[in-house]
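Take a look at the letters that make up each chain.
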Amino acid sequence: MSAARPGRILRTTLENGLRVVLAPDDCGPRIAASVHYGVGYRSEPPGKAGFAHLFEHLMFRGSESLPDGRFYDHILRCGGEANGTTHQDYTDYYQAVPSGYLEQALFSEADRMRAPRFTAENLAQQLEGVEKEVREATRERPYGGLPWPLLPGLLYRNFANAHDGYGDVDALKEITLDDCAWFFDTYYTPGNAVLTVAGDFSPEHASELIERHFGDIPARPAGPAVELEESPPTADSLLNCAEPGVNRTALAVGYRLPDPGHDLGAYLAHAVLAMALTESGLRPAGGIPALPMTTSCGFFGMLDARDPDTLVLTSMLPHEVSPSDALRALDDALDRLASPDDTARQASWARRRLTIDHGRAHSDLQSRCRGLGRMELLFGRAELLDEVPDHLAAVTTDAVAHAARTLRGGHRAVLVMVPGPQRTRPRTVPPAQDDRSGAAGQPYRDATVLARTSRGPRAVPGIRCDAAPRYAGIRDQVVGDGLRVIAVADARTPAVEFRLHAPRVASLPPHITHLDAFATLAAAHTGAVRRMRDLGGDCGLGSDGQNLTVRGHVPPDGVAGWLAILTDLFTVTGATTGLDGEAGEAALLRARRVMAGSPDRLFTEALRARYRGAWHADSSEALATARLAPDGAVLIAVGALDPEDLIAQVRAHVEWPGPVRSSRSRPAPPIGEERFSLPAPGIPATQIKLCAPEPPGDPGDPARYLASAAVGLSLNKRVAHRFAGYGGPECELVAVRDTFFGHPQVCLVGGAPPELVDALLDTVHEEFGRLRREKFAEDELGPVREFRAGQVLMVFDSPAALADQLLSGVAVGRDPTWLVRLPRLLRDVDASRVTEAARELFGGPFTTVLLGGVEELAASR
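Residues numbered from 1 in each chain as written. Predicted model: local features only at pLDDT ≥ 70, side-chain atom pairs only at ≥ 80, totals over all residues. Heavy atoms only, no water.

### Comments concerning the overall build of the protein chain
Piece 1. Looking only at helices and strands, one finds 30 helices and 24 strands in the protein chain.
Piece 2. Taken over the C-alpha trace, the protein chain has a radius of gyration of 29 Å; the compact-globule value for 861 residues is 29 Å, and the two agree within 12%.
Piece 3. Split into buried and exposed, the 861 residues of the protein chain put 57% on the buried side.
Piece 4. Summarising the internal contacts of the protein chain: among those between residues at least 6 apart in sequence, 84% fall at separations of at least 24.
Piece 5. For the protein chain, the exposed surface amounts to about 33,700 Å²; the carbon and sulfur share of it is 52%.
Piece 6. In the protein chain, 90 positive and 111 negative side-chain charges are present, and the distance between their average locations comes to 3 Å. (Helix = DSSP H or I, 4+ residues; strand = E, 2+ residues; numbered from the N terminus. Rg over C-alpha atoms; globule rule 2.2 N^0.38 Å. Buried < 20%, exposed > 50% of the residue type's maximum accessible area, 1.4 Å probe, protein only. Contact = heavy atoms within 4.5 Å. Areas by Shrake-Rupley, 256 points an atom, 1.4 Å probe, with all protein chains shown as cover. Lys, Arg positive; Asp, Glu negative; His and termini not counted. Charge placed at Lys NZ, Arg CZ, Asp CG, Glu CD.)

Listed below in structure tokens is the structure:
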């Protein structure tokens with residue numbers, strides 16, 4: 001299976017050594033830009049462990065033309081996103097914005113490559129942020145440090161490969177501004193970086209902008225390459241740690257991988273082997289069911305590091321399985337896969353699955369941009385990203401079997417975490433080294449000099465708001481017994497994304513846990529998950545307490561198999577799944593446990609129970625006859641498909657069991673100014689929901705869409721101002737428009753410490769009063785328009801995101817073409833109509849529900 005969309009890849013190198021990769025693609029209305037620097041955890045010298053990660057944080061805090069955090073100005077304005085990550089051999093910075101913001105994206109990346117600003121205040125703030133991040137990842141999270149960053153210290157001896165990339169926080173506090181200047185001058189040079197731009201742009205225009213903003217950054221020599229080479233391990237290594245507050249033993253195993261730069265085929269054979277091991281799991285002796293196992297080529301993903309890299313396997317062990325038992329089961333699995341005759345089927349499935357997973361992961365605009373830059377920096381060929389499927393197809397069964405034999409005969413590192421009263425971890429802090437000469441022995445500049453250029457701060461460029469989304473092809477049609485099918489062609493992925501929204505399950509009792517239980521048992525009875533995996537895809541059944549949903553994907557040649565599963569889902573009943581028996585009771589118990597920890601589900605059930613109206617009571621007969629109703633259901637398909645053909649396949653392959661109508665009435669949300677509270681021991685702070693029925697109108701009305709965003713923003717500004725002096729958790733409310741059992745409603749959802757709940761609700765009612773007295777001004781709405789229009793464009797970044805958003809929109813009654821039209825509609829609607837829409841949505845009485853942290857209140861406000 002070849003890549004679905006290789007696309008055009010153009011490259012050039014500027015005079016200062018900066019490598020540039022361009023991947024133009026008009027499948028979406030946005031662009032992504034990334035800069036990969038050839039510096040990561042393995043570049044850190046002894047005494048500076050964790051510096052690369054800390055430095056990544058610092059690079060967002062300001063530069064000569066964008067001081068004091070202004071790097072994010074254009075991101076926040078256009079509804080874009082930006083971030084950075086630190087890996088073994090590189091650090092990447094990336095952003096995705098509407099295509100009209102291309103120049104601002106390039107300007108911001110160039111400005112911090114040219115003249116970053118490091119201040120004592122920013123360094124202290126970022127040290128605090130990094131300390132919190134490290135604490136959450138390694139101390140507060142159960143099994144923190146497994147497998148990374150503990151496992152490398154067992155498998156490797158070279159400091160660069162073995163040390164903890166998070167570092168020691170106390171040692172990091174000794175970092176100075178001079179250290180920051182040294183690190184920047186040594187590693188953040190144009191010749192040690194790759195700039196990648198992907199998405200909707202003209203290569204000629206992008207090249208001109210890149211030369212304008214990056215071309216005058218002076219060339220500097222980069223620091224010497226880090227010595228990574230070391231011999232394979234000569235013996236197994238083992239580390240036992242204790243972990244409090246857990247009830248299972250965790251196991252992580254690491255093996256050395258072949259060098260992907262010299263033998264990509266052998267490396268990918270190990271990737272196929274790892275996927276086959278994931279599918280088979282661990283099978284301990286004694287009739288114990290197979291244990292799930294997670295595998296990965298690399299700590300951060302496939303082809304994410306140079307040699308040496310690690311094949312990682314992790315598993316959670318039940319009480320009856322010891323680590324030794326699990327390791328024997330792993331050896332047995334490798335022995336089985338070491339025979340080509342026994343490996344053929346698993347290897348074929350694993351190749352197919354890896355190809356689909358790789359294509360789906362990089363069908364996202366941002367992921368594709370980052371992947372191209374990563375391949376260029378690590379392996380010198382951005383094109384490798386699109387060639388991986390063909391390389392996987394060339395992996396033979398013999399190569400996979402050979403990989404299994406290699407692991408079976410080699411040495412490994414084993415990390416075990418057992419339940420214990422106190423946490424135990426190894427602690428090794430190497431002696432500090434002070435070698436801060438610049439690259440090739442050149443002196444480094446101090447932080448003050450770094451932040452200034454002879455030209456001085458530069459003017460931030462303007463924008464061109466001309467981005468417009470579109471569909472390559474779309475069909476919307478009702479088939480069979482009322483199923484609506486929406487099919488959208490999208491060539492970016494080698495898969496078809498499926499989403500099913502079913503708001504009706506005939507005769508099912510109204511308690512939301514019954515729907516959860518029905519979804520669980522229907523998935524088990526039909527074998528939907530296993531069958532989708534056999535097809536090379538995946539799926540999950542679930543519910544939000546109101547609607548049953550199915551999310552998944554399959555390769556194009558698996559569509560018929562998926563539709564057979566869909567037929568079974570429409571045919572299965574409560575009786576055939578066991579919903580009316582012991583299995584149903586067990587499923588209901590699990591669903592109640594899930595609901596107890598979910599504010600959304602507790603809110604829904606509280607309102608449903610209070611306003612259930614004519615809904616009938618539970619009964620065994622109702623449970624037995626429960627069945628998914630196709631009338632009102634919507635099937636979304638986005639990806640490598642022809643819309644006409646997809647609908648024809650649905651007609652040909654889905655067998656309808658006959659008319660199924662839901663006899664259950666579905667009353668509208670409650671109307672009235674009422675407030676009530678519910679205890680919720682598992683919910684932190686106090687969760688708040690104010691809701692009211694949405695007045696009749698067009699669900700796609702851009703004025704209402706903009707009004708809910710504007711009210712939410714205005715309200716939270718007022719809340720932030722009122723509670724600015726409070727030192728506890730934040731108070732925040734988000735405006736949401738959704739449905740209550742099929743009926744549109746408008747809500748404010750959020751939380752507050754119990755002692756501030758009344759003050760927060762008073763602030764809400766003050767904001768409602770302001771809405772009745774004042775109008776939105778155009779200068780107030782302008783930023784909201786731009787931000788929301790930019791957020792809409794984000795959903796076109798990937799087929800999966802588009803399928804999700806289509807599902808959400810259609811579920812509340814919006815036409816599928818609404819997404820394409822919405823950015824223009826938001827720009828055209830006037831402020832007076834938005835004010836009117838805000839008063840329609842938020843001018844009536846609201847029901848208030850409080851969860852947790854407050855006593856039961858029956859009185860209305």
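### A closer look at the sheet that holds strand β13 (residues 483-489)
In any sheet, the strands associate via hydrogen bonds between backbone groups, in a parallel or an antiparallel arrangement.
Piece 1. Here six strands make up an open sheet; going across it, the order is β12-β13-β19-β14-β17-β16 and the pairing mixed. Where the open sheet ends on each side, the last strands, each with one partner, are β12 (474-479) and β16 (538-543). Each strand of the sheet is rotated relative to its neighbour by a mean of 10 degrees, with strand direction disregarded.
Piece 2. Contacting β12, β13, β14 (496-502) and β19 (634-639), helix α24 (residues 643-653) crosses the sheet at an angle of about 20 degrees to β12. (Pairing = 2+ DSSP bridges. Axes fitted to C-alpha atoms, helices over the stretch in contact; angles between N-to-C directions.)

### Comments concerning the nonpolar core
Piece 1. Residues F55, F118, F183, Y188, I210, F214 and L415 are the most contacted members of the largest nonpolar core, which totals 75 residues.
Piece 2. The element that contributes the greatest number of residues to this core is helix α8 (residues 177-187), accounting for six residues.
Piece 3. Setting aside residues no more than four positions away along its own chain, Y188 makes contact with Y37, V39, F55, M59, T91, Y93, F183 and R220.
Piece 4. One finds A198, Y255, W349 and L385 within the second-largest nonpolar core, a separate group that totals 62 residues. (Core = buried A, V, L, I, M, F, W, Y, C linked by side-chain atoms within 4.5 Å.)

### Side note on the sheet that holds strand β1 (residues 10-13)
Piece 1. Spatially, β1-β2-β6-β3-β5-β4 is the arrangement adopted by the six strands of the open sheet, whose pairing is mixed. Strand pairing shows two members of the sheet lacking a second neighbour, β1 and β4 (81-86), which therefore form its edges. In this sheet, neighbouring strand axes are inclined to one another by 15 degrees on average, regardless of whether the strands run parallel or antiparallel.
Piece 2. By the bridge criterion, six bridges tie strand β2 (residues 19-24) to strand β6 (residues 193-199) in an arrangement that is parallel. When the bridges of β6 are listed, P24 appears paired with G199.
Piece 3. Strands β1, β2, β3 (30-37), β4, β5 (91-98) and β6 of the sheet are contacted by helix α13 (residues 365-379), whose axis makes an angle of about 30 degrees with β3.

### Thoughts on helix α30 (residues 831-842)
Piece 1. Over its 12 residues, α30 runs 16 Å from end to end, which matches the ideal 16 Å to within 8%, given 1.5 Å per residue.
Piece 2. Listing the buried residues of α30 in full gives A831, V834, T835, A837, A838, L841 and F842. On an axial view of α30, the arc spanned by its buried residues comes to 165 degrees, and they lie on one face.
Piece 3. Against α25 (702-722), β22 (732-740), β23 (743-752), α26 (757-773) and α27 (778-794) lie the buried residues of α30. (Expected span 1.5 Å × (residues − 1). Arc of directions from axis to C-beta.)

### A word on unusual backbone geometry
Piece 1. Going from W148 to P149, the amide bond is cis rather than trans, its omega being 10 degrees.
Piece 2. With respect to the helices and strands, P149 occurs in the loop between α4 (120-140) and α5 (152-155).
Piece 3. Here the amide bond leading from D307 into P308 is cis, since omega sits at 0 degrees, within 30 degrees of zero.
Piece 4. Structurally, the position occupied by P308 is in the loop between β9 (294-297) and β10 (310-317).
Piece 5. Look at D68: it is not a glycine, yet its phi comes out positive at around 55 degrees.
Piece 6. Tracing the chain through its elements places D68 in the loop between α1 (51-58) and α2 (73-78).
Piece 7. Owing to a relative accessible area of 67%, D68 belongs among the exposed residues under this scheme.
Piece 8. Positioned with a positive phi, L303 is a non-glycine residue whose angle comes to about 55 degrees.
Piece 9. Here L303 lies in the loop between β9 and β10.

### Details of the side chain of N192
Piece 1. Among the structural elements, N192 can be located in the loop between α8 and β6.
Piece 2. In this structure, N192 is in contact with R19, H36, Y37, G38, V39, Y187, A222 and L377, ignoring residues within four places of it in sequence.

### So, the pairing of β10
Piece 1. Burial analysis of β10 places seven of its eight residues in the buried class, which makes it a mostly covered element.
Piece 2. With eight bridges joining them, strand β8 (residues 249-256) and β10 adopt antiparallel strand pairing. By the bridge assignment for β10, V253 is matched with L313.

### Quick look at the packing of aromatic side chains
Aromatic rings considered in pairs are described by the distance between their centres and by the relative angle of their planes.
Piece 1. Taken as a whole and assessed by the stated rule, the structure comprises 29 aromatic pairs.
Piece 2. With a centroid separation of 5.0 Å and an interplanar angle of 40 degrees, the aromatic rings of Y41 and W148 are classed as tilted. Here W148 lies in the loop between α4 and α5 and Y41 lies in the loop between β3 and α1, a separation of 107 residues in the sequence. Grouping residues by exposure puts Y41 and W148 together as buried.
Piece 3. Judged by centre distance (6.1 Å) and plane angle (85 degrees), the rings of F51 and F55 are edge-to-face. One end of the pair is F51 and the other is F55, both in helix α1 and four residues apart, which spans about a single turn. Per residue, the accessibility class of F51 equals that of F55, and both read buried.
Piece 4. Here R112 stacks its cationic end above the ring of F60, 4.5 Å away from the centre of that ring. (Phe/Tyr/Trp six-rings, centres within 6.5 Å; stacked < 30°, edge-to-face > 60°. Lys NZ or Arg CZ within 6 Å of the ring centre and 35° of its normal.)

### Here we look at the pattern of salt bridges
Piece 1. Across all of its chains, the model carries 57 salt bridges by this definition.
Piece 2. When the shortest N-O distance is used, the salt bridge between R353 and D538 registers 3.0 Å. You can see R353 sitting in helix α12 (residues 340-361) and its partner D538 sitting in strand β16, a full 185 residues away along the chain.
Piece 3. You can call R353 buried: its relative accessible area is 7%.
Piece 4. Here E774 makes a salt bridge to R770, at a shortest N to O gap of 3.1 Å.
Piece 5. Relative accessible area serves as the criterion here: at 37%, E774 is assigned to the partly exposed category.
Piece 6. Judged by its relative accessible area of 11%, R770 falls in the buried class.
Piece 7. Residues joined in a network through salt bridges with shared partners are E694, D701, R704, R737, R833, E836 and E840. (Salt bridge = Lys/Arg side-chain N within 4 Å of Asp/Glu carboxyl O.)

### Section: the state of the cysteines
Piece 1. By the definition in use, this model includes zero disulfides.
Piece 2. With no disulfide partner, C747 has as its closest neighbouring cysteine sulfur the one in C691, 5.2 Å distant.
Piece 3. A relative accessible area of 0% places C747 in the buried class. (Disulfide = S-S within 2.5 Å.)

### Section: the environment of A225
Piece 1. Along the chain, the position of A225 falls in the loop between α9 (203-214) and β7 (237-243).
Piece 2. Along the chain, A225 and R458 lie 233 residues apart, while their C-alpha atoms are 33 Å from each other.

### Topic: the packing of α25 against helix α29 (residues 818-828)
Any two packed helices are characterised by the angle at which their axes cross and by the distance between the axes.
Piece 1. Packing of α25 against α29 leaves a shortest axis separation of 10 Å and a crossing angle of 70 degrees. Taken together, the axes of α25 and α29 are roughly perpendicular relative to one another. Viewed along their axes, α25 and α29 form a crossing whose handedness is right-handed. Across the interface between the two elements, P702, Y705 and L706 from α25 touch W818, L822, L825 and L826 from α29.
Piece 2. When grouped by side-chain class, the residues that make up the contact of α25 with α29 number seven nonpolar, no polar and no charged. (Parallel < 35°, antiparallel > 145°, perpendicular 65-115°, else oblique. Left-handed = near helix turned anticlockwise from the far one by under 90°. Nonpolar A, V, L, I, M, F, W, Y, C, P; charged D, E, K, R; others polar.)

### Observations concerning the confidence of the model for the protein chain
Piece 1. Averaged over all residues, the pLDDT of the protein chain is 90; the fraction at 70 or higher stands at 92%.
Piece 2. Throughout residues 613-617 the model reports pLDDT below 50, and contacts reaching past four residues in sequence, or to other chains, amount to 14 contacts.
Piece 3. Contacts for the low-pLDDT stretch residues 855-861, under 50 throughout, to residues beyond four places or in other chains number 18 contacts. (pLDDT = per-residue confidence, 0-100.)

### Focus on the packing of helix α21 (residues 582-596) against helix α22 (residues 599-610)
Piece 1. Where α21 meets α22, the closest approach of the two axes is 7 Å, and the angle between their N-to-C directions is 105 degrees. Taken together, α21 and α22 sit at an angle that is classed as roughly perpendicular. Here α21 contributes V594, M595 and A596 to the contact with α22, which in turn contributes R601, L602 and E605.
Piece 2. Partitioning the contact of α21 with α22 into residue classes produces four nonpolar, no polar and two charged.

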